[in-house]
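Fold and geometry: a report
Below, each chain spelled out in residue letters.
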Amino acid sequence: MVFVPYSLMVGTAVVTRSDGRLALGRIGALCEQLKELSSQGYEVILVTSGAVGLGRQRLRYRKLANSSFSDLQKPQEELDGKACAAVGQSSLMALYDTMFSQLDVTSSQLLVNDGFFRDSGFRKQLSDTVNSLLDLRVIPIFNENDAVSTRKAPYEDSSGIFWDNDSLAGLLALELKADLLVLLSDVEGLYSGPPSDPNSRLIHTYIKEKHQGEITFGDKSRLGRGGMTAKVNAAVCAAHAGIPVIITSGYATNNIIRVLQGERIGTVFHKDAHLWTNIKEVSAREMAVAAREGSRRLQILKSEERRKILLAIADALETSESMIRHENEADVADAVATGYEKSLMSRLILKQEKISSLAKSVRMLADMEEPIGQILKRTELVDKLILEKISCPLGVLLVIFESRPDALVQIAALAIRSGNGLLLKGGKEARRSNAILHKVITSVMPDTVGDKLIGLVTSRDEILDLLKLDDVIDLVVPRGSNKLVSQIKESTKIPVLGHADGICHVYVDKSANIDMAKQIVRDAKTDYPAACNAMETLLVHKDLSNNGGLHELVLELQREGVKMFGGPRASGLLNIAETNTFHHEYSSLACTVEIVEDVFAAIDHINQHGSAHTECIVTEDSEVAETFLSQVDSAAVFHNASTRFCDGARFGLGAEVGISTSRIHARGPVGVEGLLTNRWILRGSGHVVDGDQGINYTYKELPLKA
């Protein structure tokens with residue numbers, strides 16, 4: 001096994017709580033991660049802070065316990081920092097020893113002063129000792145010996161203690177030739193300003209030429225002496241000497257493992273960082289602000305001018321078809337080589353008919369009634385005081401989507417029709433397709449609007465960064481896997497419109513026309529198995545298991561190559577494997593079958609196990625149908641029609657930005673109306689409230705047109 005020297009520095013704010021006590025949970029998670037790394041063959045050196053803060057807390061407690069009431073009335077003297085260090089160091093190391101022992105890991109303590117490093121003999125002995133410990137699979141734990149340090153400058157503070165463990169970690173990484181240095185802090189990395197400032201953004205890659213002059217540092221750490229300034233200084237020095245450095249949060253329970261797995265977290269420092277990226281690259285925040293400005297310019301245009309933009313986009317899609325398909329074929333070839341799933345591949349491919357269909361849907365949107373500035377309600381509050389409720393855009397949309405480059409066109413067209421600015425973040429598997437479609441669309445934008453109305457975010461800004469822009473983005477629409485949607489909903493303060501699962505049901509009632517039922521079930525499952533509106537569960541009335549109806553439905557699906565899993569009742573009767581869960585989206589030629597007592601049992605099953613997306617009943621009994629339609633709590637409920645009809649284009653919306661299962665704002669396929677909100681316009685002639693004295697409120701409803 002290859003052993004990799006790996007240096008890790010843990011800041012005071014990570015190992016201690018705000019009251020100075022040890023953060024046992026974080027230290028425990030740290031030890032567990034180091035145990036895992038050690039078992040994988042990594043050689044880990046730990047530099048830890050916390051002794052001074054811990055000692056100060058303990059000594060304050062002892063002093064308080066031994067003080068009289070009169071003593072407490074006197075001004076409290078600052079505790080000697082060196083004494084705090086001496087008391088805290090033993091407690092800190094005792095805790096590490098206990099925790100590592102529980103994980104069957106041996107640790108060791110090494111206390112050093114900066115002056116030692118001027119001695120070449122000491123440096124050689126240090127390297128020999130550390131290498132010996134690493135050979136024995138022992139984790140060396142370093143700390144500055146604050147209790148006996150003598151140096152005063154340049155790091156002197158009120159306690160008389162110099163130095164900081166960030167500098168020590170950098171020095172040790174250089175001396176021991178570490179392959180990587182990780183500095184753990186109480187924030188996610190280096191920000192362009194105070195992390196609490198909403199205008200600050202996380203800097204993924206530190207580039208001295210770009211960031212040195214623009215970063216504003218806050219105060220030093222609340223407990224330690226280093227703070228972010230010291231971490232950056234240590235990181236810059238180590239990186240300049242050839243050791244990569246990552247500053248990331250020690251509050252997360254698995255960040256160290258994630259760093260070693262290559263995930264893009266925290267801030268990276270590297271001597272070649274300036275070669276990795278374009279220093280003048282536009283950030284996601286700047287793109288969002290530009291999109292909002294473009295949205296305001298778009299709204300000023302007349303309705304016919306906005307219509308012409310959409311028609312120009314439709315024409316451009318058709319004239320650029322060969323170029324679009326060429327880029328898409330390159331994406332498809334890469335996806336095949338990578339081994340992407342079949343369901344993803346089907347969404348990725350842009351055939352000629354799909355491009356033609358996109359152009360058609362854009363033209364349909366262009367011919368729709370103007371949605372912006374429509375008067376929704378007019379009310380006379382008092383005489384000559386008129387209140388109007390009018391439609392208006394939401395602002396800036398962030399749409400995150402996987403695999404489907406055609407979604408980019410639909411969403412862009414909907415944003416333009418509704419007057420919204422737009423940020424698009426597509427998956428890497430459709431990188432070339434998204435880039436060419438974005439270029440085609442923005443190339444026809446008039447100068448009065450500008451090409452920044454729609455921004456395509458590339459890999460420079462990660463999804464988590466975008467989700468923090470709640471001050472400049474008004475709505476997030478995720479379109480992709482269950483995992484993607486769930487992660488987005490858990491990671492942002494921005495309202496999210498969408499659905500995590502597409503677990504759609506077809507219930508075949510005892511009164512159903514079996515030929516019709518077979519046709520609907522076949523279409524709902526096989527027309528596009530990867531679609532979110534495809535049938536995933538077939539529910540069948542118990543009587544059909546006795547009269548041959550269930551058998552016919554099963555044969556119809558089997559002829560189409562559908563693999564079936566049964567519920568507790570159906571699996572035994574049909575001799576098929578029993579499903580592990582009813583809450584499963586196959587997105588393939590597979591589905592679950594179950595037998596239910598009646599329509600009420602079907603309704604209960606759907607409301608309990610469904611995802612509130614789309615459900616269908618097949619029945620000739622109109623009373624049963626109405627019961628199903630009124631009691632199933634889903635965004636779309638159909639009678640004698642395939643679930644595949646749940647689609648923005650098929651609903652006549654022109655296109656859809658997605659399908660929402662939310663109960664607030666838009667629900668079901670979301671078209672232009674779902675991307676609008678409203679404003680209130682009040683027109684008076686000198687009206688004042690004045691305590692409502694002498695005001696006669698009429699609340700008279702007026703015609704929408706004056």
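Up top is the structure these notes are about.
Note that residues are indexed from 1 along each chain, following the sequence as it is written. For a predicted model such as this one, the threshold for reporting local features is a pLDDT of at least 70, and the threshold for listing and counting side-chain atom pairs is 80 or more; totals across whole chains, interfaces and linings nevertheless cover every residue. The side-chain quantities take in all heavy atoms of the structure and omit both hydrogens and water.

Some points on the overall build of the protein
Secondary structure follows DSSP: runs of H or I at least 4 residues long count as helices, runs of E at least 2 residues long count as strands, and numbering of each begins at the N terminus. Across its full length, the protein carries 24 helices and 23 strands. Residue contacts follow a heavy-atom distance rule, with two residues in contact if any of their heavy atoms lie within 4.5 Å. When contacts within the protein are restricted to residue pairs at least 6 apart in sequence, those whose partners lie at least 24 apart make up 73%. All accessible areas in this document rest on Shrake-Rupley with a 1.4 Å probe, and a residue is counted as covered only by the protein chains that are shown. If you sum the accessible surface of the protein, you get close to 32800 Å²; carbon and sulfur atoms cover 50% of it.

Side note on unusual backbone geometry
For Asp-104, which is not glycine, the phi torsion reads 60° and is therefore positive. Looking at where Asp-104 falls in the secondary structure, it is placed in the loop between helix H5 (81–102) and strand E3 (106–112). In this model, Lys-177 sits at a positive phi of 55°, which is unusual for a non-glycine residue. Relative to the helices and strands, Lys-177 is located in the loop between helix H7 (165–175) and strand E5 (180–185). Look at Lys-177 and you get exposed, because its relative accessible area is 64%. To sort residues, take the accessible area from a 1.4 Å probe on protein chains only and compare it with the maximum for the residue type: under 20% means buried, over 50% means exposed, and anything in between is partly exposed.

Structural notes on H7
Summarising burial for H7: 9 of the 11 residues are buried, a large majority. Within H7, the full set of buried residues consists of Asn-165, Asp-166, Ser-167, Leu-168, Ala-169, Gly-170, Leu-172, Ala-173 and Glu-175. Of the residues one or two after H7, Lys-177 is the one with positive phi, at around 55°.

Focus on the packing of helix H2 (residues 24–39) against H5
As a rule, the C-alpha atoms of each element are fitted with a line to give its axis, helices using only the stretch in contact, and angles between N-to-C directions run from 0 to 180 degrees. Two numbers describe how H2 lies on H5: the axes approach to 10 Å, and their chain directions differ by 50°. One finds that H2 runs oblique with respect to H5. Considering the relative orientation of H2 and H5, their crossing is right-handed. In this structure, H2 contributes Leu-24, Ile-27, Gly-28, Leu-30, Cys-31 and Leu-34 to the contact, and H5 contributes Leu-95, Tyr-96, Met-99 and Phe-100. Here roughly perpendicular refers to angles of 65 to 115 degrees, roughly parallel to angles under 35, roughly antiparallel to angles over 145, and oblique to all remaining angles. Two helices that cross are described as forming a left-handed crossing if the nearer one is turned anticlockwise from the farther one by less than a right angle, and a right-handed crossing if clockwise.

A few points about the environment of Ala-51
Residue placement: Ala-51 occurs in helix H3 (residues 51–65). Relative accessible area serves as the criterion here: at 4%, Ala-51 is assigned to the buried category. For Ala-51, the residues in contact, after removing those within four places along its chain, are Cys-84, Ala-85, Gly-88, Gln-89, Leu-92 and Asn-143.

Concerning the sheet that holds strand E19 (residues 636–639)
The strands that make up a sheet are held in pairs by hydrogen bonds between backbone atoms, and each pair lies either parallel or antiparallel. What the 6 strands build is an open sheet, ordered E16-E17-E15-E14-E18-E19; its pairing is parallel. Either end of the sheet is taken by a strand with one partner, and the two such strands are strand E16 (563–566) and E19. Pairwise comparison of adjacent strand axes, ignoring direction, gives a mean angle of 20° for this sheet. The pairing criterion is simple: DSSP has to find at least two bridges between the two strands. Note: E16 against strand E17 (residues 590–596), 4 bridges, orientation parallel. Among the inter-strand pairings, Phe-565 is bridged to a residue of E17, identified as Thr-592. This element, helix H21 (residues 549–559), spans strand E14 (504–508), strand E15 (535–541), E16 and E17 of the sheet and lies at about 160° to E15.

A look at the nonpolar core
By size, the foremost hydrophobic cluster in this structure holds 49 residues, and its most contacted members are Leu-317, Ile-416, Leu-422, Leu-424 and Ile-454. Counting residues per element, the ones that place at least two in this core are helix H12 (303–319), helix H15 (352–366), strand E10 (396–401), helix H16 (405–418), strand E11 (421–426), helix H17 (431–442), strand E12 (454–456) and strand E13 (475–479). With 9 residues, the top contributor of residues to this core is H16. Take the buried residues of types Ala, Val, Leu, Ile, Met, Phe, Trp, Tyr and Cys, join any two whose side-chain atoms come within 4.5 Å, and each joined set is a nonpolar core.

Looking at the pattern of salt bridges
Here, a salt bridge means any Lys or Arg side-chain nitrogen found within 4 Å of an Asp or Glu carboxyl oxygen. This structure, assessed with the given rule, holds 31 salt bridges. Lys-525 is the salt-bridge partner of Glu-536, the closest N and O atoms lying 3.1 Å from each other. Remark: Lys-525 occurs in helix H20 (residues 514–526) and Glu-536 occurs in strand E15; sequence separation between them is 11 residues. Residue Lys-525 is classed as buried on the basis of its relative accessible area, which comes to 0%.

Focus on the sheet that holds E11
The 4 strands lie next to each other as E12-E11-E10-E13, forming an open sheet whose pairing is parallel. In the strand order of this sheet, the two ends are held by E12 and E13, each with one partner. This sheet shows a mean twist of 15° between the axes of neighbouring strands, independent of strand direction. Bridge count for E10 against E11 is 6 bridges, and the pairing is parallel.

With respect to the packing of H15 against H16
Helices that pack against each other are described as a pair by the angle of their axes relative to one another and the distance between those axes. Between H15 and H16, the least distance of the axes is 10 Å, while the angle of their chain directions is 10°. Relative to H16, H15 is oriented roughly parallel. Contacts between H15 and H16 involve Lys-354, Leu-358, Val-362, Leu-365 and Ala-366 on the former and, on the latter, Asp-406, Val-409, Gln-410, Ala-413, Leu-414 and Arg-417. Under the scheme applied here, ten amino acids are nonpolar (Ala, Val, Leu, Ile, Met, Phe, Trp, Tyr, Cys and Pro), four are charged (Asp, Glu, Lys and Arg), and all others, including Gly, are polar. Along the lines of polarity and charge, the residues of the contact of H15 with H16 split into 7 nonpolar, 1 polar and 3 charged.

Looking at the packing of aromatic side chains
For this analysis, a ring pair means two rings from Phe, Tyr or Trp (six-membered ring only for Trp) whose centres lie within 6.5 Å, classed as stacked if their planes differ by under 30 degrees, edge-to-face if by over 60, and tilted for the remaining angles. Using the criterion set out here, one finds 6 aromatic pairs in the structure. Between Phe-565 and Tyr-586, the aromatic rings sit 5.7 Å apart at their centres with planes inclined by 10°, giving stacked as the arrangement. Taken together, the residues Phe-565 in strand E16 and Tyr-586 in the loop between helix H22 (568–574) and E17 connect sequence positions 21 residues apart. We classify Tyr-586 as buried; its relative accessible area is 14%. Here the basic side chain of Arg-26 rests over the ring of Tyr-251, its NZ or CZ set 4.0 Å away from the ring centre. Both a distance and an angle decide whether a charge sits over a ring: NZ of Lys or CZ of Arg must be within 6 Å of the ring centre and within 35 degrees of the ring normal.

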